[in-house]
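Descriptive structure summary
Next come the chains, spelled out residue by residue.
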Amino acid sequence: MIVETGATVLFEEATAVDERRVLVLAGDRERGYDALESILDAIPVPITETTLVGPEDRLRCEHLPQANASELLGTTRTAIALDAHEGLRPNALGKVVGAVDGGGLLVLLTPPLEEWPDRRGAFDRSLAVPPFSLDDVTGRFRTRLVETLRAHRGIGIVDLETERIVDDGLTEPAPKRVDGSDGTSFEAPPNARFPADTYEACLTGDQRDAVEAFESLLEGVDGREDSGGDAETEQRRAVVLEADRGRGKSSAAGLAAGAFAADGLDVLVTAPRSRNAAELFDRAGELLGTLGADATIDGRTIETSSGGRVRFLEPATAVERIESATGDDRGPADIVVVDEAAALPVSVLESLLAADRVAFATTIHGYEGAGRGFSVRFRDRLAESDHEVIDRTLVDPIRYAAGDPVEVWAFRALLLDARPPVSPLVADATPETVAYRSLEPDDLLADDRLLREAFGLLVLAHYRTEPNDLARLLDAPNLEARALVHDGHVVSVALLAREGNLPPETRAMMYEGGRIRGNMLPDVLTSQLRDEAAGESAGLRVVRIATHHAARSRGLGSHLLERVREAFTDGGLEAGDDGDGIDWLGTGFGATPGLLEFWRENGYRTVHVSTTRNDASGEYSALMLAPTGDAGRELHDRHADWFARRFPALCTDALSDLEPDVARAVLRSVDADAAPELGLSAHDWRVVAGAAYGPGLFDADPGPFRDLVVRYFVEDPDDADLTAREERLLVMRALQGRPWEAVADRLEYHSYGQCMRALGGAFCPLVDRYGSEAALEVRERFLEN
Ligand SMILES: CC(=O)SCCNC(=O)CCNC(=O)[C@H](O)C(C)(C)COP(=O)(O)OP(=O)(O)OC[C@H]1O[C@@H](n2cnc3c(N)ncnc32)[C@H](O)[C@@H]1OP(=O)(O)O
Ligand SMILES: Nc1ncnc2c1ncn2[C@@H]1O[C@H](COP(=O)(O)OP(=O)(O)OP(=O)(O)O)[C@@H](O)[C@H]1O
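Naming follows an unreviewed UniProt entry, where the protein appears as tRNA(Met) cytidine acetyltransferase TmcA of Haloterrigena gelatinilytica. UniProt lists a comment for the protein under the heading Sequence similarities (unreviewed entry), and it reads "Belongs to the TmcA family." Entered under Function (unreviewed entry) in the UniProt record, the comment concerning the protein runs "Catalyzes the formation of N(4)-acetylcytidine (ac(4)C) at the wobble position of tRNA(Met), by using acetyl-CoA as an acetyl donor and ATP (or GTP)."

**Let's talk about the overall build of the protein**
Within the protein one finds 29 helices and 22 strands. Taking 28 Å as the expected radius of gyration for a compact globule of 785 residues, we find that the protein reaches 30 Å, a close match to that expectation. Seen along its three principal axes, the alpha-carbon backbone of the protein occupies a region of about 100 × 75 × 50 Å. Per-residue burial over the protein gives 58% buried out of 785 residues. Long-range contacts, defined here as pairs at least 24 residues apart, represent 72% of the contacts in the protein between residues at least 6 apart. Carbon together with sulfur atoms contributes 46% to the accessible area of the protein, which is approximately 31000 Å² in total. Measuring between centres, the 83 positive side-chain charges of the protein sit 1 Å from its 139 negative side-chain charges.

**Examining the packing of helix α24 (residues 682-693) against helix α28 (residues 752-770)**
The contact between α24 and α28 brings their axes to 7 Å, and the two run at 130°. Classified by the angle their axes make, α24 and α28 are oblique. α24 and α28 meet at a crossing whose hand is left-handed. Of α28, the residues touching α24 (which contributes Trp685, Val688, Ala689, Ala691, Ala692 and Tyr693) are Gly760, Phe763, Cys764, Val767, Asp768 and Tyr770. The class makeup of the residues in the contact of α24 with α28 is ten nonpolar, one polar and one charged.

**Brief notes about helix α5 (residues 140-151)**
Taking 1.5 Å of rise per residue, the twelve residues of α5 would be expected to cover 16 Å, and the 16 Å separating its terminal C-alpha atoms lies within 8% of that figure. Every buried residue belonging to α5 is among Arg140, Phe141, Arg142, Arg144, Leu145, Val146, Thr148 and Leu149, and all of these are buried.

**So, the layout of surface pockets**
Roughly 510 Å³ of volume is contained in the second largest pocket. Looking at the lining of the second largest pocket element by element, the count peaks at five residues for helix α9 (residues 278-290). Shared between two domains, the lining of the second largest pocket takes at least three residues from each, and those domains are domain 1 (2-167) and domain 2 (196-394).

**A short note on the sheet that holds strand β1 (residues 21-26)**
Read across the sheet, seven strands follow the order β3-β2-β4-β5-β1-β6-β7 without closing on themselves; strand pairing throughout is mixed. Edge positions in the sheet fall to β3 (62-64) and β7 (164-167), since each of these pairs with one other strand and no more. When strand polarity is set aside, the average angle formed by the axes of neighbouring strands in this sheet is 20°. The pairing of β1 with strand β6 (residues 155-159) spans five bridges and is parallel. Within β6, the residue paired with Leu23 across the bridge is Gly156. Strands β1, β2 (50-53), β4 (77-83) and β5 (100-110) of the sheet are contacted by helix α2 (residues 29-42), whose axis makes an angle of about 145° with β1. Along the sheet, α5 makes contact with β1, β5, β6 and β7, crossing β6 at roughly 110°.

**Comments concerning the site of ligand 2**
As a matter of local geometry, ligand 2 sits amid 19 residues, with Lys249, Ser250, Ser251, Glu279 and Arg399 nearest to it. Glu279 places a side-chain nitrogen or oxygen 2.7 Å from an oxygen atom of ligand 2. Interatomic distance of 3.2 Å between a side-chain N/O atom of Glu340 and an oxygen atom of ligand 2. For ligand 2, the cavity whose grid points lie within 2 Å of the majority of its atoms is the second largest pocket. For the shell around ligand 2, the secondary-structure elements that each account for two or more residues are α8 (249-262) and α9. The element best represented in the shell around ligand 2 is α8, accounting for three residues. Tallied by class, residues from the shell around ligand 2 come to four nonpolar, eight polar and seven charged.

**What about the environment of Ala16?**
Locating Ala16 in the fold gives a position in helix α1 (residues 2-17). Distance from Ala16 to Ala401, taken between C-alpha atoms, is 11 Å for residues 385 residues apart in sequence.

**Quick word on the site of ligand 1**
Of all residues adjacent to ligand 1, which total 23 residues, the nearest are Thr547, Ser553, Gly555, Gly557 and Ser558. In the model, an oxygen atom of ligand 1 is placed 2.7 Å from a nitrogen or oxygen of the Gly555 main chain. Here Gly594 contributes a backbone N or O atom positioned 3.4 Å from a nitrogen atom of ligand 1. Put simply, the parts of the chain that give the shell around ligand 1 at least two residues each are β19 (538-547), α20 (556-568), β20 (584-590) and α21 (593-601). When its residues are assigned to classes, the shell around ligand 1 shows ten nonpolar, nine polar and four charged.

**Quick look at helix α29 (residues 773-784)**
Helix length check: α29, at twelve residues, gives a terminal C-alpha distance of 16 Å against a target of 16 Å (1.5 Å per residue), a fit within 8%. Buried within α29 are the following residues: Ala774, Ala775, Val778 and Arg779. Taken down its axis, α29 places every buried residue within 140° of arc, on the same side. The exposed set on the far side of α29, more than 90 degrees from its buried face, consists of Glu773, Glu777, Arg781, Leu783 and Glu784. The secondary structure elements touched by the buried residues of α29 are α24 and α28.

**A word on the environment of Thr184**
Checked against the element boundaries, Thr184 lands in the loop between β7 and α6 (196-200). Looking at Thr184, the relative accessible area reads 44%, which means it is partly exposed. Put simply, Thr184 and Asp282 are 98 residues apart on the chain and 22 Å apart in space, counted from C-alpha to C-alpha.

**Notes on the domain arrangement of the protein**
Structurally, the protein comprises domain 1 (2-167), domain 2 (196-394), domain 3 (416-672) and domain 4 (675-784). Between the C-alpha centres of domain 1 and domain 3 the distance comes to 35 Å. Contacts between domain 1 and domain 3 engage 20 residues on the former and 24 residues on the latter. With both sides pooled, the region where domain 1 packs onto domain 3 buries about 2000 Å², and carbon together with sulfur makes up 62% of that total. Viewed at the interface, domain 3 and domain 1 are joined by two salt bridges. For the side of domain 1 that touches domain 3, the elements supplying multiple residues, two or more each, are α3 (90-99), α4 (122-127) and α5. Class assignment of the residues belonging to the side of domain 1 that touches domain 3 gives a composition of ten nonpolar, five polar and five charged.

**Here we look at the UniProt feature "binding site: acetyl-CoA" (unreviewed entry) in the protein**
Mapped onto this structure's residue numbering, the UniProt feature "binding site: acetyl-CoA" (unreviewed entry) falls at Ile545, Ala546 and Thr547. Mapped onto the elements of the fold, Ile545 is located in strand β19. Discounting chain neighbours no more than four positions away, the residues touching Ile545 are His462, Val493, Ala494, Gly557, Leu560, Leu561, Phe598 and Trp599. Within the element layout of this structure, Thr547 appears in strand β19. With relative accessibility at 10%, the residue Thr547 sits in the buried group. Setting aside chain neighbours within four positions, we find Thr547 in contact with Leu457, Val491, Ser492, Arg552, Leu556 and Gly557.

What counts as what
- Residues numbered from 1 in each chain as written.
- Chains lettered and ligands numbered in written order.
- Predicted model: local features only at pLDDT ≥ 70, side-chain atom pairs only at ≥ 80, totals over all residues.
- Heavy atoms only, no water.
- UniProt positions renumbered as here; feature names shortened; annotations may be inferred.
- Helix = DSSP H or I, 4+ residues; strand = E, 2+ residues; numbered from the N terminus.
- Rg over C-alpha atoms; globule rule 2.2 N^0.38 Å.
- Buried < 20%, exposed > 50% of the residue type's maximum accessible area, 1.4 Å probe, protein only.
- Contact = heavy atoms within 4.5 Å.
- Areas by Shrake-Rupley, 256 points an atom, 1.4 Å probe, with all protein chains shown as cover.
- Lys, Arg positive; Asp, Glu negative; His and termini not counted.
- Charge placed at Lys NZ, Arg CZ, Asp CG, Glu CD.
- Axes fitted to C-alpha atoms, helices over the stretch in contact; angles between N-to-C directions.
- Parallel < 35°, antiparallel > 145°, perpendicular 65-115°, else oblique.
- Left-handed = near helix turned anticlockwise from the far one by under 90°.
- Nonpolar A, V, L, I, M, F, W, Y, C, P; charged D, E, K, R; others polar.
- Expected span 1.5 Å × (residues − 1).
- 1 Å grid on protein atoms, 1.4 Å probe; cavity = no way out; pocket = protein on both sides within 12 Å on 5 of 7 lines; lining within 4 Å.
- Points joined across faces, edges and corners; volume = space filled by probe spheres on them.
- Domains from an automatic or database assignment.
- Pairing = 2+ DSSP bridges.
- Near = heavy atom within 4 Å.
- Polar contact = N/O pair within 3.5 Å; in protein donor to acceptor, adjacent residues only side chain to side chain.
- Sits in = over half its atoms within 2 Å of the grid points.
- Arc of directions from axis to C-beta.
- Buried area = accessible area lost by both parts, 1.4 Å probe.
- Salt bridge = Lys/Arg side-chain N within 4 Å of Asp/Glu carboxyl O.

Have a look at this one:
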């Protein structure tokens, strides 16, 4: 009874001020469910607006397991209950909190709070990376979470064991407006192209500005003149809406989509799941209703009598339709709208840029959605594209009132807004001013500023840091974090994972196709590259490294890697009880020429390139090793040899679309000792020298040319006889076998013939350097003529 009353009062306060409240039901699980059912009966929330997130479908409302919490992204629910008894995925918590409506309640079902940190759940099992066991996983993330639940406003706590309300969660706020608006009504801007109703439907000034930004997409559509009056140059355009959750960006996109459709235009909407675009379709349908447009709504397709349409397509289908559009064909739509863009892989976003007019709506701190791919990688690609980009940021909250205490709590508990130190604090950092330090989990737990700076740096610099990573940093037994600090502020940070050192049974299991947690390098080297001994030696993988953007290119990243190497190798401070240290350092990352160069400079050498692109970054991954002991040297050497040998075959197959500059940097980062012996026969040499110096043709027998190219790049990476363009030509034509026309076009040779001659010319220095007697004879013969 006490619990229902407490919950009702808390819910009423939430409703009165359009804020959210959290209610923690701590104690026995069955009692928790009993209490939850009576609460849901007591508060006036329809079952259709309630979701249970947990392992079992126990209530009459919608049910989702934590693993599927992404379905809630971008949706709005009045009450959500999250059952954390069998474990809590931090990512799921982030997604769930973001979907609760103003005036709504999040109910957390937890074990007794004092015991919760020590309870191991399903998520903890994912942190128990071999050779570590579940007992090695700690409960610091939950310790911190419980502290924040106790400390923050707006969070009620019920002790189910004593049936006591420990904290009523009431904040007794001053009364305020509850319709989500700031009270203003919005008028259309002068010369607006959208109907005035579109603007009048907006709830904040930010949303109005966002809708206005969409008007720019009308220019040039369907023969409409650009505002500059130049209809010939059809400027491609992109609108980007950024906001924290619940600021009304999907709704702004929906209002614009409705206005486009009323005007007879075809709008294609895509998002990770059709459900994520629910608000967008609701607003579009409502606006068409207000406008009195004759519209039919059928699921995720709205059609208007003026020939307009708003329809949803899955991202893959949308990409396929957009990319297959050719020439004058405008493609599958006049305008493409991408909702929850941050939750889509960068490669998909990039493909969507094939559309002339495209809008992206994305969250800023909501990296609970998918990581920071949008800001970290995609922003650069967008800037390089020929789209004129219009940015709008929506600040004022709509889903819930400004100052909502649950948003404040979620940001803190999951570090959604963690940032690196402000630039002036680290602007003067150099390798001479910084100190190397270990970021021990207990230190991070005790020092929130240190934790925020380190985690904030990782989030900002990487496309895939999420709340689960915060828990990993605090609790995973295989992870270590090290940093360089300047005046106590984190300026460079590295996340390190212990890998390898695996017992024979585990290695055999991997070799026979079994899966293993963590251990990325041994796993790939064993399962894909068929080396059963790969997991034997002990290594340390640099999972992530980042330097503050205000202090890059001063040698700090390299300094941190050097300090890590010293500490973890023979005789180093962190070399372990036996003082023997690790056998190798390693890394794996989305390969770009700059990063490959960074790692090469630091002594790491490539041993593998993935055969598929990384979903989130759209890049191929490079795996690199830096041996620190004999066992590591052996592991490296055999893999470097195998890699150099297989690379040409990969280039005509899985890596046929690898960027030529990445291929150049990959080969240059292979250890020179792995340069393949040239087994060219006298005849092979006559073919190669004949193409370089005489009338011979590469096409007649490409094999010997390929070996030569690999040798050229690997053997002496710092000594280039060829220009960058010639090297790209070697990669694209000789290694990847791309068609002559495509190569000539991409490298801007005037003709196919000129491109063929250039390839022959590019082999001259290679014949000069490596050619056998037979090759040199051919050369002399043609040079004399
Ligand atoms: C496993 C992984 O984590 S891989 C991902 C690495 N991290 C990131 O990409 C996050 C963003 N980037 C960064 O934080 C930094 O640029 C780091 C960590 C890569 C390098 O840190 P820094 O302190 O700048 O390193 P340092 O000064 O020792 O070396 C810089 C050199 O690396 C190379 N380099 C590093 N990154 C790049 C890049 N993106 N593009 C081009 N060159 C690069 C360059 O040669 C550069 O020298 P230059 O600026 O004189 O041309
Ligand atoms: N103009 C509007 N008219 C009516 N309701 C609106 C309007 N704008 C926003 N809302 C309501 O406010 C809430 C948040 O809006 P919306 O989903 O568009 O925001 P968002 O920034 O896209 O949020 P998320 O990041 O969670 O996807 C929704 O419940 C939506 O129905």
